[in-house]
Amino acid sequence: MAASEEGCTRSSLPLSPYNRLAVLTRHLALSNSKSNSLLEPSIAYFQEAAPVGGGGKGLLTVIDNRTGKKYEIEISEGGTIKATDLKKITAGGDGNGLKLYDPGYLNTAPVRSSVSYIDGDNGILRYRGYPIEELAEKSTYLEVAYLLLYGNLPTKDQLSDWEATIAQHSAVPGGVLDVIASLPHDAHPMGMLVGAISALSCFHPDANPALRGQDLYSSKAIQDKQIVRVLGKVPTLAASIYLHMAGRHPVAPSNHLSYSENFLYMLDSFGDKSYRPNPRIARALDILFILHAEHEMNCSTSAARHLASSGVDIYTTLAGATGALYGPLHGGANEAVLKMLNEIGSIEKVPGFLEEVKNKKRKLSGFGHRVYKNYDPRAKVIKKLADEVFSIVGRDPLIEIAVALEAAALSDEYFVTRKLYPNVDFYSGLIYRALGFPAEFFTVLFAIPRMAGYLAHWKESLNDPDTKIMRPQQWYTGVWLRHYTPIDNRSIQNEADKLGQISISNATRRRRAGVGV
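Only a predicted model underlies this, so the values are computations on that prediction, with no experimental measurement involved. (Residues numbered from 1 in each chain as written. Predicted model: local features only at pLDDT ≥ 70, side-chain atom pairs only at ≥ 80, totals over all residues. Heavy atoms only, no water.)

**Side note on the environment of Y71**
Our working rule: To qualify as a helix, a DSSP run of H or I must reach at least 4 residues; to qualify as a strand, a run of E must reach at least 2; elements of each kind are numbered from the N terminus. By definition, residues are in contact when any of their heavy atoms lie within 4.5 Å.
When you line up the elements, Y71 lands in strand β2 (residues 70-75). Along the chain, Y71 and V251 lie 180 residues apart, while their C-alpha atoms are 64 Å from each other. With residues near it in sequence (within four places) discarded, Y71 still touches L60, T61, V62, D64, K88, I89 and T90.

**Considerations on helix α11 (residues 299-309)**
To keep it simple, the criterion reads: We call a residue buried when its accessible area falls under 20% of the maximum for its residue type, exposed when it is over 50%, and partly exposed in between, using a 1.4 Å probe and counting protein chains only.
In terms of residue burial, α11 counts as a mostly covered element, since eight of its 11 residues are buried. Against the buried residues of α11 lie α12 (314-326) and α19 (442-462). Trailing α11 by a residue or two, G311 shows a phi angle of about 90°, which is positive.

**A look at the packing of helix α3 (residues 141-150) against helix α4 (residues 156-168)**
Basically, it comes down to this: Note on method: axes are straight lines fitted to C-alpha atoms, helices fitted across the in-contact stretch only, with angles between N-to-C directions ranging 0 to 180 degrees. Every angle not falling under 35 degrees, over 145, or within 65 to 115 is termed oblique; those three ranges are roughly parallel, roughly antiparallel and roughly perpendicular. Note on residue categories: nonpolar means Ala, Val, Leu, Ile, Met, Phe, Trp, Tyr, Cys or Pro, charged means Asp, Glu, Lys or Arg, and polar means any other residue, Gly included.
Running from N to C, α3 and α4 point in directions that differ by 100°, and their axes come no closer than 10 Å. On the basis of their axis angle, the class for α3 and α4 is roughly perpendicular. Of the residues in α4, those touching α3 at L142, E143, A145, Y146, L149 and Y150 are Q158, L159, W162, E163 and I166. Residues belonging to the contact of α3 with α4 are distributed by class as follows: eight nonpolar, one polar and two charged.

**Some details on the sheet that holds strand β5 (residues 130-131)**
Picture the strands of a sheet paired through backbone hydrogen bonds; they go either parallel or antiparallel. This is how it is decided: DSSP-based pairing: two strands are paired if at least 2 bridges between them are found.
In space, the three strands of this open sheet follow the order β3-β4-β5, with antiparallel pairing throughout. Edge positions in the open sheet fall to β3 (116-119) and β5, since each of these has one partner strand only. Alignment of strand β4 (residues 124-127) against β5, held across two bridges, turns out to be antiparallel. Note that in β5 the partner of R126 across the bridge is P131.

**Structural notes on the pattern of salt bridges**
Side chains that carry opposite charge are capable of pairing whenever their charged atoms lie near each other. How we decide: Salt bridge, as applied in this entry: a Lys or Arg side-chain nitrogen positioned within 4 Å of an Asp or Glu carboxyl oxygen.
Summed over the entire model, instances satisfying the criterion amount to 13 salt bridges. Between R362 and E356 there is a salt bridge whose closest N-O contact spans 3.0 Å. D376 serves as the salt-bridge partner of R378, at 2.9 Å between the closest nitrogen and oxygen. Like D376, R378 is buried. One network of salt bridges, in which partners are shared, links E343, E356 and R362.

**Observations regarding the packing of α3 against α19**
Applied cut-off: Crossings are assigned a handedness: left-handed for a near helix turned anticlockwise from the far helix by less than a right angle, right-handed for a clockwise turn.
α19 packs onto α3 with a crossing angle of 15° between their chain directions and a minimal axis gap of 8 Å. Overall, the two elements α3 and α19 adopt an arrangement that is roughly parallel. In the crossing of α3 with α19, the sense of the turn from one axis to the other is right-handed. Along its contact with α3, which presents Y141, A145, L148, L149 and Y150, the element α19 presents I448, P449, A452, G453, L455, A456 and K459. Class assignment for the residues of the contact of α3 with α19 results in 10 nonpolar, one polar and one charged.

**Here we look at the side chain of Q226**
Applicable threshold: Under this definition, polar contacts are N or O atom pairs within 3.5 Å; protein pairs additionally need one hydrogen-donor-capable and one acceptor-capable atom, and for neighbouring residues in sequence, both atoms have to be side-chain atoms.
Looking at the secondary structure, you find Q226 in helix α8 (residues 220-245). A polar contact of 2.7 Å, which involves the side chain of Q226, links it to the side chain of Y315. If sequence neighbours within four positions are ignored, Q226 has contacts with A207, Y217, I314, Y315 and W458.

**Brief notes about the pairing of β4**
As a general feature of sheets, a regular strand has side chains that alternate between the two faces. Of the two faces of β4, both are covered, the one formed by I124 and R126 as well as the one formed by L125 and Y127. In sequence, β3 turns back onto β4 through a hairpin of four residues, with G123 there showing a positive phi of about 65°. The turn linking β4 back onto β5 is made up of two residues, and R128 within it adopts a positive phi angle of 50°.

**Topic: the packing of aromatic side chains**
The cut-off we apply is this: Only Phe, Tyr and Trp rings are paired, with Trp represented by its six-membered ring, and only when their centres lie within 6.5 Å; those with planes under 30 degrees apart are stacked, over 60 edge-to-face, the remainder tilted.
Scanning all chains against the criterion turns up 17 aromatic pairs. Consider the rings of Y101 and W475, whose centres lie 5.1 Å apart with planes at 90°: the pair is edge-to-face. With Y101 in the loop between β2 and β3 and W475 in the loop between α19 and α20 (506-513), the pair connects residues that are 374 residues apart, well separated along the chain. Both residues of the pair, Y101 and W475, belong to the exposed class. A ring pair is formed by Y242 and F441, whose centres lie 5.1 Å apart and whose planes are at 75°; its orientation type is edge-to-face. With Y242 in helix α8 and F441 in the loop between α18 (425-434) and α19, this residue pair connects regions lying 199 residues apart in the sequence. Grouping residues by exposure puts Y242 and F441 together as buried.

**Let's talk about a nonpolar patch on the surface**
Convention followed: In this analysis, a patch consists of residues with relative accessible area above 30% that form no salt bridge, clustered at 9 Å for like charges and at 5 Å for the nonpolar side chains Val, Leu, Ile, Met, Phe, Trp and Tyr. The protein chains shown are the only cover counted for residues, whose accessible areas, like all others here, come from Shrake-Rupley with a 1.4 Å probe.
Residues Y476, V479, W480 and L481 make up a contiguous nonpolar surface patch of roughly 540 Å² in combined accessible area. Position of Y476 relative to the elements: it lies in the loop between α19 and α20. Exposure remark for Y476: the relative accessible area of 47% places this residue in the partly exposed category.

**Regarding the pairing of β3**
Here β3 runs beside β4; their pairing, made up of four bridges, is antiparallel. Bridge pairing in β4 links S116 to Y127.

**Points about the environment of H169**
Following the sequence through the fold, H169 ends up in the loop between α4 and α5 (174-181). Looking at H169, the relative accessible area reads 18%, which means it is buried. H169 has contacts with K225, V228, R229, G232 and K233, leaving out every residue within four places of it along the chain.

Shown next as structure tokens:
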């Protein structure tokens, strides 16, 4: 669902890249008062013992009623069975054993991972065992990125070296900036980001297994080099794309600011090296980066794992993952929330809107999640963060509609019984809009921090002895056998066989109306 670009900020201020400076100028005159705590743990947050996945280790006895045969299948300590164990269950036919038919991978675990943990029923998200609420409260994005990639929080010296190394690799090759500059100003920024990340592959041949050998990434030093390159350069790419949309030239990154401050500096400094972003705004952005850094085997992370399994270079892998994130069903959901709130228009219209949702006439965006059947823990943090941001920039009128919509939905049995709770997208778009970002840029702000999660899974896959090139099976439903028919003997079998009408531009019609000399 595309986001509406009408009425994009408080009352009269249209959303464009230029407005952010007008908005942020107000921040500098405000006090730097300490924000309220973002931490509000659930009961499940305090559970110390890890639950036994799927009931734990054991044996599954399967009796095939087609043949009467009995099979013993081992259950792992994680409550999983090997899909290949089902191949031994045969019953004649083509001689092949059973396959799992699982559209959308609703109950398939293609990897073992220690990067993050989600308990959707209890609303829990943890990075390497740390509750997301604690990390959002106490940590920084780069500290969290280190945690995701290397398994533990860094020491003071490790963090200092980590931050400095990433800053040293934040410059982007001029040729990549030329690629961005060659694209239309009104192109979608995610399309530009996919192309720019892919272009990095061409400018770092030293990191390409296709050129240097398929064992290239077995070197930890080479892995680490790509990690700091990506984390350093992607914010620079994103900022350059943002400025390109505004018709402005790229600004070189600063090596003396925090990760989020540097990103805002590139957006807003106009090259003035003395410029400093508002620290409260930078902290709010940093928290959003933490919340979006990792989320287990989602669509785009799965895409990263699939691509990496082929041995392709990390930049192509990340370009593919970013392409998956680009999809409106994945990374673009917060744009849909803004459009929905704009369409509702006022608090008084909330009840009527919800009735239309229940009657299948409207879609409720920002509620429900494939994994969470409880309140998304990230949404709780973001809701409090929204209050912090609005205390700086002023309260967006849409927030009142959002709060009323949430309260009405969570008191309605229809939505509660269906476990439709607000997710991370419900409030994040409002924050980004309040900070002056255009709606089409929201997914880029999602992609920047998610690089840490992608890289953590890439790194984990390289060191996993079970990693194989991903090649799923299929359930073939096509024609079994046909023989070639000469073209003069063929006929149209059905309308689906015909090529649809391809639209022709007026320019093509004009050209065809002419006469060749």
